[in-house]
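Examination of the molecular architecture
Spelled out, the chains give:
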Amino acid sequence: MNLELNHSSLHHRIITQIVAHSCAPNVAELSDYFAVSEDKVVSALQALQAYHGVVLHPVSNEVWVMHPFSTAPTNFWIRTDEQSWWSNCAWCALGAAALINRDVSIITTLAAEDKKIAINIRNGVLEADKLFVHFPIPMTQAWDNVTYTCSTMLMFDSVIDVQRWCRQYGMKQGDVQPIEKVWEFAKVWYGKHLDADWKKWSVDEARFIFQEHGLVSDIWQLPDGDSRF
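None of these values were measured; they are calculated from a predicted model. (Residues numbered from 1 in each chain as written. Predicted model: local features only at pLDDT ≥ 70, side-chain atom pairs only at ≥ 80, totals over all residues. Heavy atoms only, no water.)

Notes on the pattern of salt bridges
Short version of the rule: By definition, a salt bridge exists where a carboxyl oxygen of Asp or Glu is found within 4 Å of a side-chain nitrogen of Lys or Arg. Here a helix means four or more residues in a row that DSSP labels H or I, a strand means two or more in a row labelled E, and each is numbered from the N terminus. Burial classes follow relative accessibility: with a 1.4 Å probe on protein chains only, a residue under 20% of its type's maximum area counts as buried, one over 50% as exposed, and anything between as partly exposed.
Applying the stated criterion across every chain, the model contains 6 salt bridges. The partner of Glu 113 in a salt bridge is Arg 164, and the shortest N-O contact between them spans 3.1 Å. Taken together, the residues span a long stretch of sequence, with Glu 113 in the loop between β6 (104-109) and β7 (116-122) and Arg 164 in helix α6 (residues 159-169) at a distance of 51 residues. On the basis of relative accessible area, Glu 113 is assigned to the partly exposed category, the value being 27%. Lys 187 is the salt-bridge partner of Glu 184, the closest N and O atoms lying 3.2 Å from each other. On the criterion of helical spacing, the pair formed by Glu 184 and Lys 187 is a turn pair, its members being 3 residues apart in helix α7 (residues 179-189). When its relative accessible area of 29% is taken as the criterion, Lys 187 is described as partly exposed. The network of salt bridges with common partners includes Asp 204, Arg 207 and Asp 224.

Put into structure tokens, the structure is as follows:
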């Protein structure tokens, strides 16, 4: 019997393959897996993108980003002793580390500049402190250009460094949070991404998770409504 092709089953197939193999299945492989035409897979991928469950290459319709992973090189590289992945931003990298659920190192550069760091997570414990994550883009605008949004969520040594960086590059300063708080938040935010019945958080659910982790600045405010974030 053919597998049902829907948001949840398509998301589950893609993300489990990324975790297992560090790359996403292509359209042809998904067509074989679900026993449907490639046109139906492309339509399903485009619908999943409209649902904000995936980001596709605009020409090929292949998977570019499935949060918290990227299929293209980024400033956030996650490695274990046997395997490695790309992730999109500081928030995503911590979430991906939680999903991988092994001892990992997140390799990045502070402020996307020249200082390289390794953030180690061992036995589920973050072995890093005195780092900060900057969230400059309001969540209400995050999906206007989500790849750009992710590219700006970077690690910093201090709040002063965030302020310097914003002045230098003409970026409006957003919310700055210690890495320990973002680690706890990312574990919850991405905690269901490997579930077979995954679905996006509702706006009310997202708002509750933000508030539960002390993310209450203007950056994290969401409008009322029954849509999903």
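Here the narrative resumes, following the displayed structure.
Notes on the sheet that holds strand β3 (residues 69-70)
Heads up, the condition is: Here, strands pair whenever DSSP counts at least two bridges between them. Contacts are residue-level and defined by heavy atoms, with any inter-residue pair within 4.5 Å sufficient. Only the contacting stretch of a helix is used when fitting its axis, a line to C-alpha atoms as for every element, and angles between N-to-C directions run 0 to 180 degrees.
Taken in spatial order, the 8 strands of this open sheet run β1-β2-β3-β5-β4-β6-β7-β8, and their pairing is antiparallel. With partners counted over all chains shown, the strands left at the sheet margins are β1 (55-56) and β8 (125-127), one partner each. As judged from the 2 bridges shared by β1 and strand β2 (residues 63-66), these two strands associate in the antiparallel manner. Bridge pairing links Val 55 to Val 65 in β2. Running at roughly 90° to β2, helix α1 (residues 7-21) makes contact with β2, β3 and β5 (84-87) of the sheet. Contacting β3, β4 (76-79), β5, β6, β7 and β8, helix α4 (residues 90-100) crosses the sheet at an angle of about 15° to β4.

Section: the packing of aromatic side chains
Note the following rule: Put simply, two rings from Phe, Tyr or Trp (the six-membered ring, in Trp's case) pair if the centres are within 6.5 Å, and we call them stacked under 30 degrees between planes, edge-to-face over 60, tilted for the rest. We count a charge as sitting over a ring when the NZ of a lysine or the CZ of an arginine lies within 6 Å of the ring centre and within 35 degrees of the ring normal.
Per the counting criterion, the structure on display carries 16 aromatic pairs. Look at Trp 91 and Phe 135: their rings are 6.0 Å apart centre to centre, the planes differ by 70°, and that puts the pair in the edge-to-face class. On the criterion of sequence distance, the pair formed by Trp 91 in helix α4 and Phe 135 in strand β9 (residues 132-135) is long-range, its members being 44 residues apart. Its relative accessible area of 1% is what places Phe 135 among the buried residues. Seen in terms of ring centroids, Trp 189 and Phe 210 are 5.4 Å apart; in terms of plane orientation they differ by 20°. Their pairing is stacked. Taken together, the residues span a long stretch of sequence, with Trp 189 in helix α7 and Phe 210 in helix α8 (residues 203-212) at a distance of 21 residues. An aromatic cluster is present here, built from Trp 91, Phe 135, Phe 185, Trp 189, Tyr 190, Trp 201, Phe 210 and Trp 220 joined pairwise through their rings. Taking the ring centre of Tyr 33 as reference, the NZ or CZ of Arg 13 above it sits at 3.8 Å.

All quantities given are derived from atomic positions and should not be read as evidence of function.
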